Amino acid sequence: MKRHTALLLASLLLAACGASESPGGSAPKAWPAHGPGEDPPPAPAPIEAVITQLDRLPALLPAAVVTTLFDPVATGATLRDLTDPALVAFTVRATLAQLQDGSRLDQVYHWYGHPDYNHAVALVPVRFQNRHGTTLYGEIVLPRRAQVPPSDGPFPVILALEGLNTNLAMYRWWHQLYADAGYLVFAFDFSGQGHSEDEGEGDPGDNVQDAQDALDYLLKDSPVAGVLDRSRIGVVGHSMGAIATLALQAVEPRIRAAVAAAPISEASAPFDANPVPVMIQTGDHDGPVAPIPFLNPAVVRPVYEKLQGDRAFIVAEASSHAQHTNYALLPTATWGLDLAGRYSLAWMDWHLRRDPAALEILRSPDPHLSWLWDSEVRIGPDSVVMRGDGPLP
């Protein structure tokens, strides 16, 4: 009897110890080695001599002139950052580096991101294999720029999915936004994009499978697996990544909320159900190749109409398909990132954290919501329809 009691107590003790252990292993005492995003190397000397003189650009091309050249109603005030000499120089260096450093020349966008966001994130670069053996590149973005210790966890998680022919550096503004709010973000390049390998033999290049494999790696094998809150995982994606987001949330039970930015159209975004709350974001001129002024929200709206339960449809005034990227010098609304970030963060803060301040944001109209098309937020039995303040002067 005594022996049986001792065995029972030992079993209970072991069970208790196991219950207190994180499914991903014990929490690390310190964050793994991390650093900022990668900047491009200097341009060849003759070109560097020219672009370092670009501080004269604002005098030659003042913001008021740019605004006049690019109709504020049609393009959202300006080509983003066109009059910033440091950013123009950065873009020249990055574009030239793309020709020399092995960046994917068949894809338009370089992989150096944006200087404002490269230095505002604490990144842990990792590589992992998908189920077909293709090596994928990812970046773990540490919460609050690694200024909080791992012991402050467990941390809610955001999985970030990129667009077609892009790379994760183009979305560091979004990664930074969530990380600064206390989330741990995991972004990765789909196979055949950015720093990831091309699909190997037998790899169909299935983005949903890649996303599930990325989540498996993060939760089981990554150096931060022990500090993650597995009950609070959201997914965000842009363009092709938005399509993958809609498909993923329908089949991945670990996901609790989703934001799909610019999923293009109902035909391009097939999904059977939405078991989690989903926000759709788009813009007045959102189009995957060429904007369709003032018409794209009507193209995207049927995606929203398929949703059930908590859902939202956010339309940004004068924003294009580039609204959700931090790639410089693309035509889109100058307020696009702020508006997209405000509502997407609030969506996760409400559904993953139940923050009442987030609910207030979701139900408040931003002045730069579309004034032509309805935005809508439905949470529980309540629905709020919103529009912006009207066309710019």
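Owing to the predicted nature of the structure, the values given are computational and were not obtained by experimental measurement.

*Asks:* Break down the sheet that holds strand 4 (residues 184-188) for me, with residues and values.
*Replies:* Sheet architecture is open: 10 strands sit in the order 1-2-4-3-5-6-7-8-9-10, paired in mixed fashion. The sheet is open, and its two edges are formed by strand 1 (123-129) and strand 10 (382-386), each paired on a single side. Direction aside, the axes of adjacent strands within the sheet are offset by 20° on average. Pairing between strand 8 (residues 311-320) and strand 9 (residues 375-379): 3 bridges, direction antiparallel. Across the sheet, the residue bridging to Ala312 is Val377, located in strand 9. Docked against the sheet, helix 9 (residues 207-221) engages strand 1, strand 2 (135-141), strand 3 (155-161), strand 4 and strand 5 (228-238), running at close to 135° with respect to strand 4.

*Asks:* Which residues make up the packing of aromatic side chains, and what are the values?
*Replies:* Given two aromatic rings, their pairing is described by the distance between the two centres and the angle made by the two planes. Inspection of the entire model under this criterion finds 10 aromatic pairs. Each ring, one from Phe128 and one from Phe186, has its centre 5.9 Å from the other, and the planes form 50°; the classification is tilted. With Phe128 in strand 1 and Phe186 in strand 4, the pair connects residues that are 58 residues apart, well separated along the chain. There is no split in this pair, since Phe128 and Phe186 are both buried. Their ring planes at 90° and their centres at 5.4 Å tell us that Tyr178 and Tyr183 sit as a pair that is edge-to-face. One Lys or Arg, Arg353, reaches over the ring of Tyr183 and ends 4.1 Å from the middle of that ring.

*Asks:* Give me the lowdown on the side chain of Thr166, citing residues and values where you can.
*Replies:* When you line up the elements, Thr166 lands in the loop between strand 3 and helix 8 (172-180). Separated by 2.6 Å, the side chain of Thr166 and the backbone oxygen of Gly163 make a polar contact.

*Asks:* Which residues make up the pattern of salt bridges, and what are the values?
*Replies:* Applying the stated rule across the entire model yields 14 salt bridges. A salt bridge links Asp213 to Arg131, with the shortest nitrogen-to-oxygen separation between them at 2.9 Å. Placement of Asp213 in helix 9 and of Arg131 in the loop between strand 1 and strand 2 is noted, with a sequence separation of 82 residues between them. A relative accessible area of 44% places Arg131 in the partly exposed class. In this structure, Arg145 and Asp180 form a salt bridge, with 2.7 Å as the shortest nitrogen-oxygen distance. Of the two residues, Arg145 sits in the loop between strand 2 and strand 3 while Asp180 sits in helix 8, which places them 35 residues apart along the sequence. You can call Arg145 partly exposed: its relative accessible area is 35%. A network of salt bridges, in which partner residues are shared, links Arg301, Glu305, Glu376 and Arg378.

*Asks:* Could you give an account of the environment of Val224, with specific residues and numbers?
*Replies:* Examined against the element boundaries, Val224 turns out to sit in the loop between helix 9 and strand 5. On the basis of relative accessible area, Val224 is assigned to the buried category, the value being 0%. The spatial distance from the C-alpha of Val224 to the C-alpha of Pro28 is 7.3 Å, given a sequence separation of 196 residues.

*Asks:* A description of the packing of helix 9 against helix 10 (residues 240-251) should follow, citing residues and the corresponding values.
*Replies:* Geometry of a packed helix pair, given as the angle between the helix axes and the separation of the axes. Where helix 9 meets helix 10, the axes come as close as 9 Å, and the angle between the chain directions of the two elements is 65°. What the angle tells us is that helix 9 and helix 10 run roughly perpendicular. Handedness of the crossing formed by helix 9 with helix 10: right-handed. Side by side, helix 9 and helix 10 meet where Asn207, Val208, Ala211 and Gln212 of the first sit next to Met240, Ala244, Ala247, Leu248 and Val251 of the second. When grouped by side-chain class, the residues that make up the contact of helix 9 with helix 10 number 7 nonpolar, 2 polar and no charged.

*Asks:* Break down the pairing of strand 4 for me, with residues and values.
*Replies:* Buried residues dominate strand 4, accounting for 5 of its 5 residues. With burial as the criterion, each face of strand 4 is covered, one bearing Leu184, Phe186 and Phe188 and the other bearing Val185 and Ala187. Note: strand 2 against strand 4, 4 bridges, orientation antiparallel. Opposite Gly138, over in strand 4, you have Phe188 as the bridge partner. As judged from the 4 bridges shared by strand 3 and strand 4, these two strands associate in the parallel manner. In the sheet register, Ala160 faces strand 4, and the bridge partner there is Ala187. For the segment spanning strand 3, helix 8 and strand 4, crossover handedness is right-handed.

The rules behind these values
- Residues numbered from 1 in each chain as written.
- Predicted model: local features only at pLDDT ≥ 70, side-chain atom pairs only at ≥ 80, totals over all residues.
- Heavy atoms only, no water.
- Pairing = 2+ DSSP bridges.
- Helix = DSSP H or I, 4+ residues; strand = E, 2+ residues; numbered from the N terminus.
- Axes fitted to C-alpha atoms, helices over the stretch in contact; angles between N-to-C directions.
- Contact = heavy atoms within 4.5 Å.
- Phe/Tyr/Trp six-rings, centres within 6.5 Å; stacked < 30°, edge-to-face > 60°.
- Buried < 20%, exposed > 50% of the residue type's maximum accessible area, 1.4 Å probe, protein only.
- Lys NZ or Arg CZ within 6 Å of the ring centre and 35° of its normal.
- Polar contact = N/O pair within 3.5 Å; in protein donor to acceptor, adjacent residues only side chain to side chain.
- Salt bridge = Lys/Arg side-chain N within 4 Å of Asp/Glu carboxyl O.
- Parallel < 35°, antiparallel > 145°, perpendicular 65-115°, else oblique.
- Left-handed = near helix turned anticlockwise from the far one by under 90°.
- Nonpolar A, V, L, I, M, F, W, Y, C, P; charged D, E, K, R; others polar.
- Right-handed = clockwise from strand over helix to strand, strands pointing away.

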